[in-house]
Amino acid sequence: MRASRTIMIAVTAGLLTAAPATATATVAATATATVAAASADTVGGGSSWGPTYAPGKKSVAKGTLTSSALNRTHLPATSTVAVKGRITDLTSGPSCGWAVFRISYRTKDGNVPFKHRSYLDCSKGTPRAFSFTDRDVALVELKVCGEGRAAEPSNVCLYAGTWKTLYSSL
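What you see is a predicted model, and the numbers here were worked out from it, not measured in a lab.

### Thoughts on the confidence of the model for the protein
Per-residue pLDDT for the protein averages 79, and the proportion of residues at 70 or more is 74%. Predicted confidence for residues 1-44 stays below pLDDT 50, and this span has 44 contacts to residues more than four positions away or in other chains.

Have a look at this one:
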């Protein structure tokens with residue numbers, strides 16, 4: 001017996017969203033609303049994010065995100081994203097503050113891998129500024145962690161807890 005798959009297509013504000021027919025209407029509506037809101041709020045202008053705290057308020061990050069050059073010729077749509085911000089270590093002990101960004105981007109062959117950008121502050125109250133720009137971005141997420149000084153964030157920081165979505169063209 002051969003299984004068939006039906007795809008529902010929803011067009012909202014000139015954007016195209018595809019979801020399996022087995023998904024609930026609520027999920028499809030939420031995804032469509034998220035795309036419309038993210039595109040309306042960030043494309044062509046800047047939006048503030050944060051403050052976002054690490055568990056236990058060990059560190060805090062805040063800043064702005066600006067997206068431009070939205071490319072809707074492929075799915076997922078992508079744009080150039082510029083992020084500026086500050087990470088502040090709020091501890092009095094030996095730990096530091098991490099601002100970790102997970103950036104999903106589209107490659108020339110159509111894949112959508114992700115990469116991390118991490119910024120560390122161990123100055124106990126003096127913010128550290130950071131900024132970066134990436135092209136062909138589909139999704140930007142943030143996690144703030146408080147942990148010891150290291151060359152990179154720990155696996156606990158990267159994989160435990162939830163990521164906060166700052167930008168989505170999905």
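### Things to note about the state of the cysteines
Counted by the stated rule, this structure contains two disulfides. Across a sulfur-sulfur distance of 2.0 Å, Cys-145 and Cys-157 are joined as a disulfide pair. On the sign convention where negative is left-handed, the bridge of Cys-145 and Cys-157, at about 90 degrees about the S-S bond, is right-handed. On the criterion of sequence distance, the pair formed by Cys-145 in strand S8 (residues 128-148) and Cys-157 in helix H2 (residues 155-159) is long-range, its members being 12 residues apart. A relative accessible area of 7% places Cys-145 in the buried class. Judged by its relative accessible area of 3%, Cys-157 is buried. Each bonded cysteine of the protein is numbered by sequence order, and under that numbering the disulfide pairs are 1-2, 3-4.

### Overview of the packing of aromatic side chains
Taken as a whole, this structure holds six aromatic pairs when the rule is applied. Geometrically, the ring pair formed by Tyr-119 and Phe-130 is stacked, given 4.6 Å between the ring centres and 15 degrees between the ring planes. Here Tyr-119, found in strand S7 (residues 114-121), pairs with Phe-130, found in strand S8; they are 11 residues apart in sequence, far enough to count as distant. We note that Tyr-119, like Phe-130, is buried. Linked through ring pairs, Trp-49, Phe-101, Tyr-119, Phe-130 and Phe-132 together constitute an aromatic cluster. Over the ring of Tyr-53 we find Lys-57, and its NZ or CZ is 4.8 Å from the ring centre.

Thresholds, definitions, all that
Residues numbered from 1 in each chain as written. Predicted model: local features only at pLDDT ≥ 70, side-chain atom pairs only at ≥ 80, totals over all residues. Heavy atoms only, no water. pLDDT = per-residue confidence, 0-100. Contact = heavy atoms within 4.5 Å. Disulfide = S-S within 2.5 Å. Helix = DSSP H or I, 4+ residues; strand = E, 2+ residues; numbered from the N terminus. Buried < 20%, exposed > 50% of the residue type's maximum accessible area, 1.4 Å probe, protein only. Phe/Tyr/Trp six-rings, centres within 6.5 Å; stacked < 30°, edge-to-face > 60°. Lys NZ or Arg CZ within 6 Å of the ring centre and 35° of its normal.

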